[in-house]
Amino acid sequence: MKFHSIPSVQPLPVRFNSPFDDHPDALCRTAAEDLQSRLPANPAEGKMYGVLVVERNGQTGYLQAYSGQMDGQEEDFVPAVFDYLQPHGYFKMHEEEITRLNHLIARMESSAAYRQAEENLMKIRQEAEKAVDEARRTMQGAKYLRDKRRREAFLSEEERREMTRQSQFLKAELHRRKVRYAALTAEAQAALSGYEEQLTAWKRERKLKSDRLQRWLFSQFSLLNARGESKSLPAIFHDYYLLHSPARIRAAGGPAASPVRRLSAESLAPSLLPPSGAGECCEPKLLQYAFRKGYTPVSMAAFWWGPSPKTEVRQHGNYYPACNGKCRPILTWMLKGLDVATDDKTEATGAAGLEILYEDDSLAVVAKPPGLLSVPGKGRQPSVYSLLKERWQRSGAPYMVHRLDMATSGLLVVARTAEAHKALQAQFAARTVQKRYVALLPGSFPEQRFPAEGRIELPLSPCPDDRPRQRVDLEKGKPAITEYRVAGRTKYGKEGREAVKIILHPLTGRTHQLRMHCAHPDGLGTPIIGDSLYGQRAERLWLHAEHLAFTHPVTQQRMIFDRPLELP
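Treat the numbers as computed from the prediction; the structure is a model and nothing was measured.

Explain the packing of aromatic side chains to me, using residue names and the numbers behind them.
Under the counting rule described, the total for this entry stands at 17 aromatic pairs. Judged by centre distance (6.0 Å) and plane angle (20 degrees), the rings of Tyr 49 and Phe 303 are stacked. Placement of the pair is Tyr 49 in strand 2 (residues 47-56) and Phe 303 in strand 6 (residues 296-305), with a sequence separation of 254 residues. Of the two residues examined, Tyr 49 and Phe 303, each falls in the buried class. With a centroid separation of 4.6 Å and an interplanar angle of 55 degrees, the aromatic rings of Tyr 84 and Phe 91 are classed as tilted. Each of the two residues, Tyr 84 as well as Phe 91, counts as buried. One cation-aromatic arrangement involves Arg 56 over Tyr 295; the distance from NZ or CZ to the ring centre is 4.2 Å.

Lay out the sheet that holds strand 2 in plain terms, naming residues and giving numbers.
In space, the four strands of this open sheet follow the order 1-3-2-6, with antiparallel pairing throughout. Looking at strand neighbours, the two that pair on one side only are strand 1 (4-5) and strand 6, the edges of this open sheet. Judged from the eight bridges that link them, strand 2 and strand 3 (residues 59-66) form a sheet pairing that is antiparallel. By the bridge assignment for strand 3, Leu 52 is matched with Leu 63. Sheet contacts for helix 1 (residues 26-36): strand 1, strand 2, strand 3 and strand 6; angle to strand 2, the most-contacted strand, approximately 125 degrees. On top of the sheet, helix 7 (residues 282-293) reaches strand 2, strand 3 and strand 6; it is set at about 25 degrees to strand 2, its chief contact.

Lay out the pattern of salt bridges with the relevant residues and their values.
Proximity of charged atoms lets side chains of opposite charge pair with each other. Per the counting criterion, the structure on display carries 38 salt bridges. A salt bridge links Asp 22 to Arg 537; its shortest N-O distance comes to 2.5 Å. In this pair, Asp 22 is assigned in the loop between strand 1 and helix 1 and Arg 537 in the loop between helix 11 (513-519) and strand 17 (543-551), connecting sequence segments 515 residues apart. One connected set of salt bridges, linked through shared partners, spans Glu 157, Glu 158, Arg 160, Arg 161, Glu 162 and Arg 165.

An account of the packing of helix 5 (residues 233-244) against helix 8 (residues 327-334) is requested, with residue identities and associated values reported.
Packing of helix 5 against helix 8 brings their axes to within 9 Å, and their N-to-C directions diverge by 100 degrees. The angle between helix 5 and helix 8 falls in the class roughly perpendicular. The residues of helix 8 that touch helix 5, namely those facing Leu 233, Ile 236, Phe 237 and Tyr 240, are Arg 328, Pro 329, Ile 330, Thr 332 and Trp 333. Of the residues contributing to the contact of helix 5 with helix 8, the split by class is seven nonpolar, one polar and one charged.

So what's going on with the pairing of strand 17? Residues and values would help.
With respect to burial, strand 17 is a largely interior element, eight of its nine residues being buried. In this sheet, strand 17 lies alongside strand 10 (residues 409-415) in parallel orientation, the contact comprising two bridges. In the sheet register, Ser 409 faces strand 17, and the bridge partner there is His 544. Two elements, strand 11 (residues 434-442) and strand 17, share six bridges in a ladder whose sense is antiparallel. Residue Val 438 lies in a different strand from strand 17, and its bridge partner there is His 544. Relative to strand 18 (residues 558-562), strand 17 runs antiparallel, the two sharing five bridges. Of the residues in strand 18, the one forming a bridge with Phe 550 is Met 559. A loop of six residues connects strand 17 with strand 18, the two strands running antiparallel in sequence, and Gln 556 in this loop sits at a positive phi of about 65 degrees.

Provide a residue-level description of the nonpolar core, including the pertinent values.
In terms of nonpolar packing, the biggest core is built from 49 residues, with Leu 52, Leu 63, Leu 223, Leu 233, Leu 286 and Leu 287 touching the most fellow members. Sort the elements by how many residues they give to this core and helix 7 lands first, with six residues. Those residues in contact with Leu 52, other than ones at most four positions away along the chain, are Phe 16, Gly 61, Tyr 62, Leu 63, Leu 286, Leu 287, Ala 290, Pro 297, Ser 299 and Met 300. Core analysis: the second largest hydrophobic core is formed by 39 residues, Val 375, Val 414, Ile 456 and Leu 541 among them.

An account of the packing of helix 2 (residues 90-109) against helix 4 (residues 157-220) is needed here, citing residue identities and associated values.
Close contact between helix 2 and helix 4 brings their axes to 10 Å; oriented N to C, the two are set at 160 degrees. Taken together, the axes of helix 2 and helix 4 are roughly antiparallel relative to one another. In the crossing of helix 2 with helix 4, the sense of the turn from one axis to the other is left-handed. Along the lines of polarity and charge, the residues of the contact of helix 2 with helix 4 split into 13 nonpolar, four polar and eight charged.

Give me the lowdown on unusual backbone geometry, citing residues and values where you can.
Across the chain, the bulk of peptide bonds are trans and the bulk of non-glycine residues have phi less than zero. For the peptide bond that leads from Arg 467 to Pro 468, omega is 10 degrees, which places it in the cis range. With respect to the helices, strands and loops of the structure, Pro 468 is situated in the loop between strand 13 (460-462) and strand 14 (470-472). Within the chain, Arg 431 stands out as a residue other than glycine whose phi angle is a positive 60 degrees. Residue placement: Arg 431 occurs in the loop between helix 10 (418-429) and strand 11. When its relative accessible area of 52% is taken as the criterion, Arg 431 is described as exposed. Even without being glycine, His 512 reaches a positive phi, approximately 60 degrees. The residue His 512 is located in the loop between strand 16 (497-506) and helix 11 in this model.

Requested: an account of the side chain of Gln 288, with residues and values cited.
In this structure, Gln 288 sits in helix 7. The exposure class assigned to Gln 288 is buried, which follows from its relative accessible area of 2%. Residues in contact with Gln 288, not counting those within four places in the same chain, are Val 81, Ser 222, Leu 223, Leu 224 and Met 334.

Lay out the side chain of Asn 17 with the relevant residues and their values.
Take Asn 17: it is sitting in the loop between strand 1 and helix 1. Setting aside its immediate chain neighbours within four residues, Asn 17 contacts Val 298, Ser 299, Met 300, Val 340 and Ala 341.

Please give an account of the state of the cysteines that cites residues and values.
Per the counting criterion, the structure on display carries zero disulfides. Here Cys 28 is not disulfide-linked; the sulfur of Cys 282 is the nearest cysteine sulfur, at 12 Å. Classification of Cys 28 as buried rests on a relative accessible area of 0%. Looking at the unpaired Cys 327, the closest cysteine sulfur is the one in Cys 281, lying at 3.6 Å. With a relative accessible area of 1%, Cys 327 lands in the buried category.

Scoring rules and cut-offs
Counting of residues starts from 1 at the beginning of each chain's written sequence and follows it residue by residue. Local features in this predicted model are restricted to residues whose pLDDT is 70 or higher, and side-chain atom pairs enter the listing and the counts only when it is 80 or higher, whereas totals over whole chains, interfaces and linings include all residues. Based on all heavy atoms of the structure, the side-chain values leave hydrogens and waters out of the count. Any Phe, Tyr or Trp ring, taking Trp's six-membered ring, that has another such ring centre within 6.5 Å forms a pair; planes under 30 degrees apart are called stacked, those over 60 apart edge-to-face, and the others tilted. Each helix is a run of DSSP H or I of at least 4 residues and each strand a run of E of at least 2, with the numbering of both proceeding from the N terminus. Only protein chains enter the area calculation, which uses a 1.4 Å probe; residues under 20% of their type maximum are buried, those over 50% are exposed, and those in between are partly exposed. A ring is considered to have a charge above it if a Lys NZ or an Arg CZ atom is located within 6 Å of its centre and within 35 degrees of its normal. What makes two strands pair is DSSP finding at least two bridges between them. The contact rule is simple, with two residues in contact once any of their heavy atoms fall within 4.5 Å. Angles here are taken between N-to-C directions and fall from 0 to 180 degrees, while the axes themselves are lines fitted to C-alpha atoms, restricted in helices to the stretch in contact. A pairing counts as a salt bridge when a side-chain nitrogen of Lys or Arg comes within 4 Å of a carboxyl oxygen of Asp or Glu. Angle categories: roughly parallel below 35 degrees, roughly antiparallel above 145, roughly perpendicular from 65 to 115, and oblique for all the rest. For this classification, Asp, Glu, Lys and Arg are treated as charged, while Ala, Val, Leu, Ile, Met, Phe, Trp, Tyr, Cys and Pro are nonpolar and the rest, including Gly, are polar. Only buried residues count toward a nonpolar core. Its members are Ala, Val, Leu, Ile, Met, Phe, Trp, Tyr and Cys residues joined through side-chain atoms within 4.5 Å. Crossing handedness is read from the near helix: turned anticlockwise from the far helix by less than a right angle, it gives a left-handed crossing, and turned clockwise, a right-handed one. The rule for a disulfide is simple: a pair of cysteine sulfur atoms within 2.5 Å.

Take a look at the structure:
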């Protein structure tokens, strides 16, 4: 049964909550807790689950879903928007073709003959480099001795002719070695090329089949909105990008077309295609089922259940907003016709209280409060940049050297001239600027499991489908290094709750580096208090830049600033 009664009746909200807000109402929490009570307490793998509170014919209950698709769908979860896992269906049949190519590629790349051909080519190239270098050094040594002999003594005609013969012989020997090894290299390359050409052909075929299958899959998704209108997945993303991402439209080539209701996935440029997995998250599945069955959506929430993935940070039992890359275009379409509350993304207390700690004609050092942007965002919110621009309107706009997250408080140095900006950036690049942060972790942080001080090295890259979230990326991520020290326990907040104080020294400056290194299981495994992206929301994010030291670009004096975290 898909419809589940809610154990305790709560008042219905006036407006449908924004799915991009991670703070669900009491009714959603009741539904989520009911679902959680029926899920395995300690699953082997984590998964995102969602609930949609609905109303029909005076009855209030909820629908439940999970992200993605699984073989053997459970009856009490809503179905997929499009079930492509039918055993003998189009998707499975063509997926088997791609799997066959994967096996062929893997078998050849791991074969003894292919590896031997690679090793032979590498060995011959190494031998060639060594032999040619040896011949070149011999020729250079002989020339040195001939030149020395010419300077030191009178040479007979016979001796001159002998020197000429020696020079010609050594040059010819170098040439012979080059020709010989060029032939050996070409022979080894030809032996390897047979394998590489076959691998290239298989990989090209695999890509064509994968792209064709992905485009076919997108074309099977047709999503409803609250008005009863239907639109294909490719058309939804095309129209969304048209309004919200002109860069994608330009990348597709040519002027943007007007919004359309029907659009073939085959006709779309790659930059306009939906991301892989679009339409398979909890939120679209729940709304699609509700619209098809005539339920009125009331509110929704999604939560993570189980261990965190290896690359991203997900906390067991925490609520999460819908993702931006996959879900925002879809939900923008599906929620048309509903009265939806605006996103509530406030992470901290507000923008008041920017304090100037030092100021001269070249730079300024400020203490940024939590809730204030470092640089202007999409809206008209104030920022450190805009406030200083207003303050310095007679002498020019500020040059931002570095920045802090909106929710992070603490010290920033801002340049007032292009020369100072360039000099300060060079200091950051050379890592001669000293930065120290303090973070508060929950009192439950297991101090005994970690050394009192240590080093975290987890390369980071942006989540392509859910910016600004970051992920650990061991293959393509940028290096991110943080040194930490456990500084004991303290009290925080109005209620005087217990926390563990951590001192953090970032040796690199990646986006959300400290937040990720604290929250990720391979870091400290504990999100900073108030981290709504990687942990749970609180009155503020308890991360503060308390120490900053750099060399003044004009006076060359060492500038040192300290601003301790204020604990109520």
